[in-house]
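Remarks on the overall topology
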Amino acid sequence: ARYGCEVREVFGSTETCVFARRRTAAGALWAPLPGVRVVARPDGALVHAAHLPQPVALADLVEVEADGRFRLCGRQADLLEIAGKRASLGDLTRRLLAVPGVEDGVVVQLPADGSGGIGRIAALAVAPGLSPQAIVEALRAGVDPVFLPRRVRLLDALPRNATGKLLRHELLALLDEAADRHSSAGGDAPAASP
């Protein structure tokens, strides 16, 4: 508004160059550039474009609308598979951030226990005035129960580094610290039922 212009984001990769754009003030969907078609696959996305000698596979998970625009749902590297169902940590984090009252947050998968089980889902959030239970209830409306966070830790701020990134080991340490504190106080009630 100050400079009388629009802010647009571009999306691409080294292998594809820029192939889509969006104006987040007007919507969250990415619009492919002319001559580009994006196809969703279980393990990522396939980008077809006139400037590419052949379609390029990306690890980005997408949901493609009928008009060709697409929603970025995370990366194949953050794909979760629990009880035969699939979700991505990126999409779960997006849903957490959409909960009214959540100012910042992230969803992580905890390390699996030694018995070869699946790592549980946990979340850290900056959400003044909300309880962990209220956050889980809000997520329940659009998240499959197997992907609901079993633990939610509320913080004043997430431990972002100088570039705004969150380091997994720091997030896990915060969750461990909370679990230790609650277990020494007589137990920790899970935020979501198993």
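Here the structure is a predicted model, which means the values were calculated and not measured.

Take the packing of aromatic side chains next. On inspection of all chains with the given rule, the structure shows 4 aromatic pairs. Ring plane angle 40° and centroid distance 5.2 Å describe the contact between Phe-11 and Trp-30, whose orientation is recorded as tilted. Of this pair, Phe-11 sits in strand S1 (residues 9-13) while Trp-30 is found in the loop between strand S2 (17-22) and strand S3 (31-32), placing the two residues 19 residues apart along the sequence. For the pair shown, Phe-11 and Trp-30 are each scored as buried. Relative to Phe-70, the ring of Phe-19 has its centre 6.3 Å away and its plane inclined at 20°; by these criteria the two rings are stacked. Taken together, the positions of Phe-19 in strand S2 and Phe-70 in strand S8 (residues 70-75) put the pair 51 residues apart, joining distant regions of the chain. Considered together, Phe-19 and Phe-70 belong to a single accessibility category, that of buried residues. Through a chain of ring-to-ring contacts, the aromatic side chains of Phe-11, Phe-19, Trp-30 and Phe-70 assemble into a single cluster.

All told, the structure shown has 11 salt bridges when counted by the stated rule. Measuring nitrogen to oxygen at the nearest pair gives 2.7 Å for the salt bridge that ties Glu-6 to Arg-8. In this structure, Arg-23 and Glu-6 form a salt bridge, with 3.8 Å as the shortest nitrogen-oxygen distance. Placement of Arg-23 in the loop between S2 and S3 and of Glu-6 in the segment before S1 is noted, with a sequence separation of 17 residues between them. Using a relative accessible area of 31% as the deciding quantity, one classes Arg-23 as partly exposed. With a relative accessible area of 43%, Glu-6 lands in the partly exposed category. The structure contains a network of salt bridges with shared partners spanning Glu-6, Arg-8 and Arg-23.

Here we take up the nonpolar core. Judged by nonpolar contacts, the single largest core of 20 residues is most densely connected at Leu-92, Leu-96, Val-102, Val-107, Ile-135, Leu-139 and Phe-147. At the level of secondary structure, the elements contributing two or more residues to this core comprise strand S9 (79-82), helix H1 (89-97), strand S12 (121-126) and helix H2 (132-140).

Moving on, we come to the sheet that holds S2. The strands that make up a sheet pair up through hydrogen bonds in the backbone, lying either parallel or antiparallel. If you trace the 3 strands from one edge of the open sheet to the other, you get S1-S2-S3, paired in antiparallel fashion. Unpaired on one side and paired on the other, S1 and S3 mark the two borders of the sheet. The pairing of S2 with S3 spans 2 bridges and is antiparallel. The partner of Arg-21 across the bridge, within S3, is Ala-31.

Let us look at the pairing of strand S7 (residues 60-64). Relative to S8, S7 runs antiparallel, the two sharing 5 bridges. Of the residues in S8, the one forming a bridge with Leu-61 is Gly-74. Count of turn residues in the S7/S8 antiparallel hairpin: 5 residues, of which Gly-68 carries a positive phi of about 95°.

This part takes up the pairing of S2. Summarising the sheet, S1 and S2 pair through 5 bridges and their orientation is antiparallel. Residue Glu-9 lies in a different strand from S2, and its bridge partner there is Arg-22.

Further remarks concern the side chain of Arg-150. With respect to the helices and strands, the residue Arg-150 is situated in the loop between H2 and strand S13 (151-154). Buried within the structure, Arg-150 lacks any salt-bridge partner; Asp-144 is the closest side chain of opposite charge, at an N-O distance of 8.1 Å. A polar side-chain atom of Arg-150 sits 3.3 Å from the main-chain carbonyl oxygen of Pro-145.

With respect to the helices and strands, the residue Thr-93 is situated in helix H1. Sequence-distant contacts of Thr-93, defined by excluding residues within four places in its chain, comprise Gly-105, Val-106 and Val-107.

Turning our attention to the environment of Arg-8. Locating Arg-8 in the fold gives a position in the segment before S1. For the pair Arg-8 and Ala-26, spaced 18 residues apart in sequence, the C-alpha separation works out to 9.9 Å. Ignoring anything within four residues of it in the chain, the contact list for Arg-8 reads Arg-22 and Arg-23. Among the polar contacts listed, one links the side chain of Arg-8 to the side chain of Glu-6, at a separation of 2.7 Å.

Basis of the calculations
Along each chain, numbering runs from 1 in the same order as the chain's sequence is written. Per-residue local features of the predicted model are confined to residues with pLDDT of at least 70, and side-chain atom pairs are confined, for both listing and counting, to 80 or more; whole-chain, interface and lining totals are unaffected and use all residues. For side-chain calculations, the full set of non-hydrogen atoms in the structure is used, while hydrogens and water are omitted. Working definition: a ring pair exists when centres of Phe, Tyr or Trp rings (six-membered ring for Trp) sit within 6.5 Å. Plane angles under 30 degrees give stacked, over 60 give edge-to-face, the rest tilted. Helix and strand assignments come from DSSP, with helices taken as H or I runs of at least 4 residues and strands as E runs of at least 2, each series counted from the N terminus. Whether a residue is buried, partly exposed or exposed follows from its accessible area with a 1.4 Å probe, protein chains only, as a fraction of its type maximum: under 20%, in between, or over 50%, in that order. The term salt bridge refers to a pairing of a side-chain nitrogen on Lys or Arg with a carboxyl oxygen on Asp or Glu at a separation within 4 Å. What makes a nonpolar core is a set of buried Ala, Val, Leu, Ile, Met, Phe, Trp, Tyr and Cys residues whose side-chain atoms join them at distances within 4.5 Å. At least two bridges found by DSSP between two strands are what make those strands a pair. Charge counting follows a simple rule: Lys and Arg are positive, Asp and Glu are negative, and His as well as the terminal groups are ignored. The term polar contact refers here to a pair of N or O atoms within 3.5 Å; inside protein, the definition further demands a hydrogen-donor-capable atom paired with an acceptor-capable atom, and it admits residues adjacent in sequence only when both atoms are side-chain atoms. The contact definition used throughout considers only heavy atoms, calling two residues in contact when any of these lie within 4.5 Å.

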